[in-house]
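# Observations on chain architecture
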Amino acid sequence: MAKASIQAIRGMNDILPGESQVWRYFESTVKSVLDGFGYQEIRTPVVEQTHLFKRSIGEVTDIVEKEMYTFDDRNGESLTLRPEGTASCVRACEQHQLIANNQRQRLWYMGPMFRYERPQKGRYRQFHQIGVETFGMADPAIDAELIVMTHQLWKKLGIRDKVELELNTIGSNEARANYKAALVDYLSGVKDQLDEDSQRRLDTNPLRILDSKDQNTQSLLNDAPNFHDYLDEESEAHFAELKALLDEVGIEYKVNPRLVRGLDYYSKTVFEWITSELGAQGTVCAGGRYDGLVEQLGGKATPAVGFAMGMERLILLLESLNVIPDQVKSNIDVYLVSMGNVTTAAMALAAQLREAVPKLRLQMHIGGGNFKKQMKKADESGARFALILGEDEVKAGQASIKSLRDSAEQMTLNNDELANWLQQQL
Ligand code: ATP
Ligand code: MG
C-alpha cells in the first residue's frame, strides 16, 4: 500500500526550477536598483526573541495577536519566526552600534517572513520580502528617495503603469493620540453598526478601522472626524515638502486620508504601492516613517523610514502582465552533444569555453544515445545553441555549432574561434 506522501506546510511554497529563474531575475533587478542608490545589505537571523516583535510591532496588532509563529526553545525561552524585517534590523543596528551615534544608514534585506494567515493568492504563511530601512535622516528628501527608488524599480520591471502610489501622513504620536480619542468618541456612537472586526478594534486598535474592508463601516467613516484637522504643524510641513518633491520629479500619487499601516510603529509618512491586477491582495510594497521605534526598543531617538515589498505578489504581477524577458526562463546557452569516444575531450572543451567566456552557461549531455536523441535533448533544454563534438572534430581541434532557435545555421569552428564567436553571441 502506498504511504501518504509528505507535503509542505500549508501556505508555505516550494519555488521550483523555472520559477526560481524568475525569482533570480526579480532579485537581481531589485539589487541593481539598490546598488544604484548606494544601499547596503544586512542579513539577520530568521528567529528572534518573541518580545522584540511584541515591543516593536505592538501587542494589539493583527500580527502579534494572531499571526506569529512562536515557540519555546529547549531552554524555555520564547522565540518567534520573524513576521517582518524592521524589528530585527533595528535590533541588529542597535546591538552593533550602527546607529548609536546618529550615523546615517541606508540598508536593505531580503528573505522569508512567517505569518499565520489564511493562505490565498498573494497571501502565504511563509512569504518573502525585500525591505529597505534608513536611519538618521529626518529630512523628507529621504522619504522621497525611497519612493523614487521604488518608482525606478517599477520602470525597470516594466510595471510602472500598473501600480499606483497612495500616500498619507499619520502625524506625531501626540496628534495621533488626539485623533484616536476623537475617532473613538465618534465611532462609539455608531458601534452597533460597525462590522465585527471594527467593533473589536474600537477598544484595541481604532485607527485600523479606517482601512476596514466593510462597505457599511466605510460609509460610516464618511462622517468621522478628519485626521488632517488634528495634524501637528511639523508633520504637516514634512508631508507638504514630500509632496512637493514628488511633484517636482513627476511621480504621481493619491493622498488617501484613510491609509494607516497595520503596525504600531509608524509616524508621519505612510505609503503603499497598489495594483488592481491581483484582486484583494493588491498592495505590493508598503512603508513609512517610524521615528519612534529605535527609542521604543531602548536606543537613542533616531529618525527612520523604510518599506517592504512582497516578492510573491510582485512576481505574480510580472507573470500576469507577461513582462518577464524570454531569456529569463532559460538557464542554458549551449548544450554540448558528443558522439563517439570523446567524453574527456568534451569536458576539456567545456572547461576551456567556460573559462574563456565567463557569462557562458554550458551544459554537457550525459548518458550517451544517438545523435537524434541528443539533439532532441538539446532542443528541450531551451539552449540557444547545440555544440557538436565527434571524433573527427576532436582530432582537428574543432567543433560544430548549430543554432536551435532563430535559424538552423550550422558551422564548424576551431576551438579558439568558437570562444570568440560565443563571446559575441552572449
Ligand atoms: P496586508 O494588508 O496585505 O496584510 P500588511 O500591511 O500586513 O499587508 P506589511 O507588513 O506592510 O503588510 O508587509 C509589506 C508587504 O509584504 C505587503 O504589502 C505585501 O506585499 C507583503 N505581504 C504581507 N503579508 C503577506 C503574506 N502573508 N503573504 C504574501 N505577502 C505578504
Ligand atoms: Mg497583513
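These numbers were taken from a predicted model, which means no experiment stands behind them.

Of all 6 residues that make up strand E7 (residues 164-169), 5 are buried, and the element is covered over most of its length. Pairing of E7 with strand E9 (residues 267-274) involves 6 bridges; the strand directions are antiparallel. Counted as the bridge partner of Thr169 is Thr269 from E9. Note: E7 against strand E8 (residues 254-255), 2 bridges, orientation parallel. Residue pairing across strands places Glu166 opposite Lys254, the latter belonging to E8.

Most of helix H4 (residues 86-95) is tucked away, with 7 of its 10 residues classed as buried. Restricting attention to buried positions, one finds in H4 the residues Thr86, Ala87, Ser88, Cys89, Val90, Ala92 and Cys93. Where H4 is buried, its residues touch strand E2 (47-49), helix H2 (50-57), strand E5 (105-114), strand E6 (126-135) and helix H10 (293-296).

Here we take up the packing of aromatic side chains. One pass over the full model with this rule turns up 9 aromatic pairs. Where Tyr179 meets Tyr230, the ring centres are 5.5 Å apart and the plane angle is 65°; that geometry is what we call edge-to-face. On the criterion of sequence distance, the pair formed by Tyr179 in helix H6 (residues 173-189) and Tyr230 in the loop between helix H8 (215-221) and helix H9 (233-249) is long-range, its members being 51 residues apart. In this structure Tyr179 comes out as buried when scored by relative accessible area, which is 2%. Clustering of aromatic rings is evident, with ring pairs tying together Phe135, Tyr265, Tyr266 and Tyr290. The ring of Tyr116 carries the charged tip of Arg125 above its face, separated from the ring centre by 3.8 Å.

Right, let's get into the side chain of Glu48. Within the secondary structure layout, Glu48 lies in strand E2. Its relative accessible area of 8% is what places Glu48 among the buried residues. Not counting the four nearest positions on each side in its chain, Glu48 is found in contact with Phe53, Ser78, Leu79, Thr80, Ser88 and Arg91.

Let us look at the domain arrangement of the protein chain. As assigned here, the protein chain comprises domain 1 (19-172 + 232-321) and domain 2 (330-425). Using C-alpha coordinates to define each centre, domain 1 is positioned 46 Å away from domain 2.

The next thing to look at is the pairing of E6. Among the 10 residues of E6, 9 are classified as buried, and the element is accordingly described as predominantly covered. Bridge count between E6 and strand E11 (residues 304-310): 7 bridges; the pairing is antiparallel. Looking across to E11, one finds that Gln129 is bridged to Gly310.

Another point: the pattern of salt bridges. Working definition: two side chains of opposite charge can pair if their charged atoms are close together. Taken as a whole and judged by the stated rule, the model has 18 salt bridges. When the shortest N-O distance is used, the salt bridge between Asp291 and Arg289 registers 2.8 Å. With relative accessibility at 0%, the residue Arg289 sits in the buried group. A single salt-bridge network, built from bridges that share partners, covers Asp143, Glu234, Lys268, Arg289 and Asp291.

Reading across from one edge, E2-E4-E3 is the order of the 3 strands in this open sheet, with antiparallel pairing throughout. Among the strands making up the open sheet, the edge pair consists of E2 and strand E3 (69-72). Across this sheet, the average inter-strand angle for adjacent strands is 35°, counted without regard to direction. Pairing between E3 and strand E4 (residues 78-81): 4 bridges, direction antiparallel. Its bridge partner lying in E4, Thr70 is registered against Thr80.

As a further point, take helix H1 (residues 19-36). With 18 residues, H1 extends 26 Å from end C-alpha to end C-alpha; this agrees with the ideal 26 Å at 1.5 Å per step. Every buried residue belonging to H1 is among Gln21, Val22, Trp23, Tyr25, Phe26, Glu27, Thr29, Val30, Val33 and Leu34, and all of these are buried. Where the residues of H1 are buried, they touch E5, E6, helix H5 (140-157), E11 and helix H11 (311-321). Positive backbone phi, at 75°, marks Gly38, one or two positions downstream of H1.

Another point: the sheet that holds strand E12 (residues 334-338). Strand pairs in the sheet, formed through backbone hydrogen bonds, run parallel or antiparallel to each other. Taken in spatial order, the 5 strands line up as E13-E12-E14-E15-E16 in an open sheet, and their pairing is mixed. At either end of the open sheet lies a strand with only one pairing partner, and these are strand E13 (362-364) and strand E16 (410-414). Across the sheet, the mean angle from the axis of one strand to that of its neighbour is 25°, orientation sign disregarded. Where strand E14 (residues 385-389) lies against strand E15 (residues 398-403), 4 bridges are found, and the strand directions are antiparallel. In the sheet register, Leu387 faces E15, and the bridge partner there is Ile401. Contacts from helix H12 (residues 343-356) reach E12, E13, E14 and E15, with the element oriented near 170° to E13. Most of the contacts of helix H15 (residues 415-425) go to E16, to which it runs at about 125°, and overall it touches E12, E14, E15 and E16.

What counts and what doesn't
Along every chain, residues carry numbers that run from 1 in the direction the sequence is written. Chains and ligands are labelled sequentially in the order written, the chains with letters from A and the ligands with numbers from 1. Where totals are concerned, whole chains, interfaces and linings use all residues; where local detail is concerned, this predicted model gives features only for residues with pLDDT of at least 70, and gives and counts side-chain atom pairs only at 80 or more. Where side-chain values are given, they derive from all heavy atoms of the structure, hydrogens and water being excluded. The buried label applies to any residue whose accessible area, calculated with a 1.4 Å probe on protein chains only, is under 20% of its type's maximum; exposed applies above 50%, and partly exposed to all values in between. Strands here mean DSSP runs of E at least two residues long; helices mean DSSP runs of H or I at least four residues long; both are numbered from the N terminus. Strand pairing is assigned whenever DSSP detects at least two bridges linking the two strands. In what follows, a contact means two residues having at least one pair of non-hydrogen atoms within 4.5 Å. Pairing of aromatic side chains requires ring centres within 6.5 Å, counting the rings of Phe and Tyr and the six-membered ring of Trp. Pairs whose planes differ by under 30 degrees are stacked, by over 60 edge-to-face, and all others tilted. The criterion is that NZ of a Lys, or CZ of an Arg, lies within 6 Å of the ring centre and within 35 degrees of the ring normal, and then a charge sits over that ring. Start and end positions for the domains come from either an automated domain assignment or a database one. Salt bridge, as used here, is a side-chain nitrogen of Lys or Arg placed within 4 Å of a carboxyl oxygen of Asp or Glu. Orientation is described by lines fitted to C-alpha atoms, with helices fitted over the stretch in contact, and by angles between N-to-C directions that extend from 0 to 180 degrees. One less than the residue count of a helix, multiplied by 1.5 Å, gives the span that helix is expected to have.

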